[in-house]
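Residue-level structural notes
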Amino acid sequence: MKFLTQSISGRGRSLLRDLGRRYFTAGTDEYAKRNYANNVTEYNTVFNSLTFKRRHYLLRDVYDDMMLDGVQPTRDTFHALLAGTMKGARLQDAFFFRDEMKAMGLLPDVSLYNFLISTCGKCQNSDQAIQILEEMKKDGVKPTAQTYICLLHACAAAGRVDRALVIVRDMTAAGAGLNKFCYAGLIAAHMNKMPRANDIATKILELVEQSKGWSSVESSTTNAGNMMIGVSDEELYDMPTAEYVHRRGFVNRQLTVYHVAFHACAELRNIEAVETLLEMLRKEEKVTDPFIVMQVMRCHLHAGDLDRGLQTFEEYMNAGRNPLPELYVTFIEGAMVGHTPRGMELAQDMLVKMNSRNFFLNFKQGSDLLLVAAGEKTGGYTNANFIWDLMQARKVTPSLPALEAYYNGLKDREIPEDDPRLLVVARTYDNLRSRVRT
């Protein structure tokens, strides 16, 4: 799959592809060496690989190669493409693949329409999501309960509480029970409606209570085809647990409504609401999973209660539970909020502990932490330098916004122009910025 290592992109890359990969410029053996897929099965493997590696922006380029090679896409091909564009929230690409599919005489099935509605939600385009539903009906494809839950979450992402309530009303009128994802969607709708209501925390707690009597329709909404291509319900509905659900022991899927509620209250920095949710769990004799522990920490730390945040972390660790790098990252990020001297010191200590356990920062974690640490205006810039060094040790380049913030922070300090660190950061920044612009 030599495409995955190519650095050429854009229109120039397409030109080189035409010149360098056609049969008339190379013999059969040489062509085979240059090509990374020869049939539809191999191309489908490439599409799935790109999605797994979160390189969704390359899906359309590979599809172009597929067309140039004269390989005919199948329904499975478009399932892989639309699932990938959904995960990457690439709405324009999703509509392109839909149009391509229809032009080839392949009518999208209910799963593909669900992917399209979900993609609209991720891009906060609820109007387009509703149009997709109408298109679906016009094409004679019958919506399922999963379709309406996708639409509910698409409206919730845009803060359209009114539309979300209409969808819930229509579902109940049709005799469809409301499941945990419906209540999660209603919580999200209230959270995303701006300006937020003064009693939003109370509303969230009420919805959690109401959810305890949901109708068990889980089995009827889960699509086996989605699971085969690695799309969970949490990813389809853009839940805050989507990136953790495949991690063993990270998320208790029976606590879905609690996950969304804890995440919302952490965003609100409402400690009282978080404590109420914890008490509700205790009464039900349920144990917090790592995701919920992360949200409790986030709430305390972002509210400025460093001691309670640290206490939550230590209680989890002292209980002998699985030490996860995400817990360390969550604490470090929260402790650095406001860049207080004690918070930065606690964050530094946690970075050292994390490193001693041989936990490393991936691209997203490192970029997020570096962006926060780079905002420190006083002090020795120790945490930002430490995070940069940890990423450099594993040859991970941070995102452009994080790198730019770190570079500007270094320049604002009294550092000689020939300082080795500053030179490396400047060179990395220039290279990354030129690549992004290209």
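Residues numbered from 1 in each chain as written. Predicted model: local features only at pLDDT ≥ 70, side-chain atom pairs only at ≥ 80, totals over all residues. Heavy atoms only, no water.

1. Description of the nonpolar core
Put simply, the test is: Definition used in this section: a nonpolar core is a set of buried Ala, Val, Leu, Ile, Met, Phe, Trp, Tyr and Cys residues joined via side-chain atoms within 4.5 Å. Exposed residues in this analysis have more than 50% of their type's maximum accessible area, buried residues have under 20%, and partly exposed residues fall in between, with area computed by a 1.4 Å probe over protein chains only. In what follows, residue pairs with any heavy atoms lying within 4.5 Å of each other are defined as contacts.
Counting residues in hydrophobic clusters, the biggest one holds 85 residues, and the most contacted among them are Phe47, Ile187, Tyr258, Phe262 and Leu277. Apart from residues no more than four positions distant in its own chain, isoleucine 187 is found in contact with Ile204, Leu207, Val208, Val257, Val260, Ala261 and Ala264. Counting residues in each nonpolar core, the second largest holds 49 residues, with Phe291, Leu324, Leu390 and Tyr429 among its members.

2. Digging into the layout of surface pockets
To keep it simple, the criterion reads: Buriedness of a pocket was judged along seven lines, with at least five required to meet protein on both sides within 12 Å; pockets are open sets of points on a 1 Å grid over the protein atoms alone, cavities are sets where a 1.4 Å probe fits but cannot get out, and lining residues have an atom within 4 Å of a point. Grid points are joined across faces, edges and corners, and a volume is the space filled by probe spheres set on the points. Going along the chain from the N terminus, every DSSP run of H or I of four or more residues is numbered as a helix, and every run of E of two or more is numbered as a strand. Classification used: nonpolar for Ala, Val, Leu, Ile, Met, Phe, Trp, Tyr, Cys and Pro, charged for Asp, Glu, Lys and Arg, polar for all others including Gly.
Approximately 330 Å³ is the volume found for the second largest pocket. Every residue lining the second largest pocket is counted, 16 residues in all, and those nearest its centre are Leu278, Thr288, Val296, Thr312 and Glu315. Those elements giving two or more residues to the lining of the second largest pocket turn out to be α17 (271-283), α18 (290-302) and α19 (306-318). A per-element tally of the lining of the second largest pocket places α19 first, with five residues. Split by residue class, the lining of the second largest pocket holds six nonpolar, four polar and six charged.

3. As for the environment of valine 337
Within the element layout of this structure, valine 337 appears in the loop between α20 (325-335) and α21 (341-356). In this structure, the C-alpha to C-alpha distance between valine 337 and alanine 303, residues 34 residues apart in sequence, is 9.1 Å.

4. Some remarks on empty space enclosed by the protein
By rolling a water-sized probe across the atoms, one finds the places where empty space is left. One pass over the structure, following the stated rule, counts one cavity of 30 Å³ or more. Roughly 50 Å³ of volume is contained in the largest cavity. Lining the largest cavity, in full, are Ser118, Gly121, Lys122, Cys150, His153, Ala154, Ala157, Leu236, Tyr237 and Asp238. Only α7 (110-122) and α9 (145-157) provide two or more residues apiece to the lining of the largest cavity. Among the elements that take part in the lining of the largest cavity, α9 stands out by supplying four residues, more than any other. Looking at side-chain class alone, the lining of the largest cavity contains five nonpolar, three polar and two charged residues.

5. What about helix α12 (residues 200-211)?
Formally: Every helix has an expected span of 1.5 Å times one less than the residues it contains. The directions considered for the arc are those from the helix axis to the C-beta atoms.
With 12 residues, α12 extends 16 Å from end C-alpha to end C-alpha; this agrees with the ideal 16 Å at 1.5 Å per step. Of the positions making up α12, those classed as buried are Ile200, Ala201, Ile204, Leu205, Leu207, Val208 and Ser211. For α12, the angular spread of buried residues about the axis comes to 160 degrees, placing them on one side. Check the buried side of α12 and you find it contacts α11 (180-192), α16 (256-268) and α17.

6. Here we look at the pattern of salt bridges
We apply this condition: A carboxyl oxygen of Asp or Glu within 4 Å of a side-chain nitrogen of Lys or Arg is what we treat as a salt bridge.
For the structure shown, the criterion picks out 23 salt bridges. A salt bridge links arginine 247 to glutamate 326; the nearest nitrogen and oxygen atoms lie 2.6 Å apart. Residue arginine 247 is located in the loop between α15 (233-236) and α16, and its partner glutamate 326 is located in helix α20; the two are separated by 79 residues in the primary sequence. Here arginine 247 falls in the partly exposed class, since its relative accessible area comes to 31%.

7. Concerning the side chain of serine 126
Inspection of the secondary structure puts serine 126 in helix α8 (residues 126-138). Ignoring any residue separated from it by four or fewer positions in sequence, one finds serine 126 in contact with Ala154, Cys155, Ala158, Arg160 and Arg163.

8. Brief notes about unusual backbone geometry
Residue proline 195 is reached from methionine 194 by a cis peptide bond, and omega for that bond is -5 degrees. Its identity as a non-glycine residue notwithstanding, glutamine 124 has a phi of 55 degrees, on the positive side. When you line up the elements, glutamine 124 lands in the loop between α7 and α8. The exposure class assigned to glutamine 124 is exposed, which follows from its relative accessible area of 57%. Positive phi, close to 60 degrees, is recorded for tyrosine 381, a residue that is not glycine. By the element assignment, tyrosine 381 lies in the loop between α22 (363-373) and α23 (382-393).

By themselves these figures say nothing about function.
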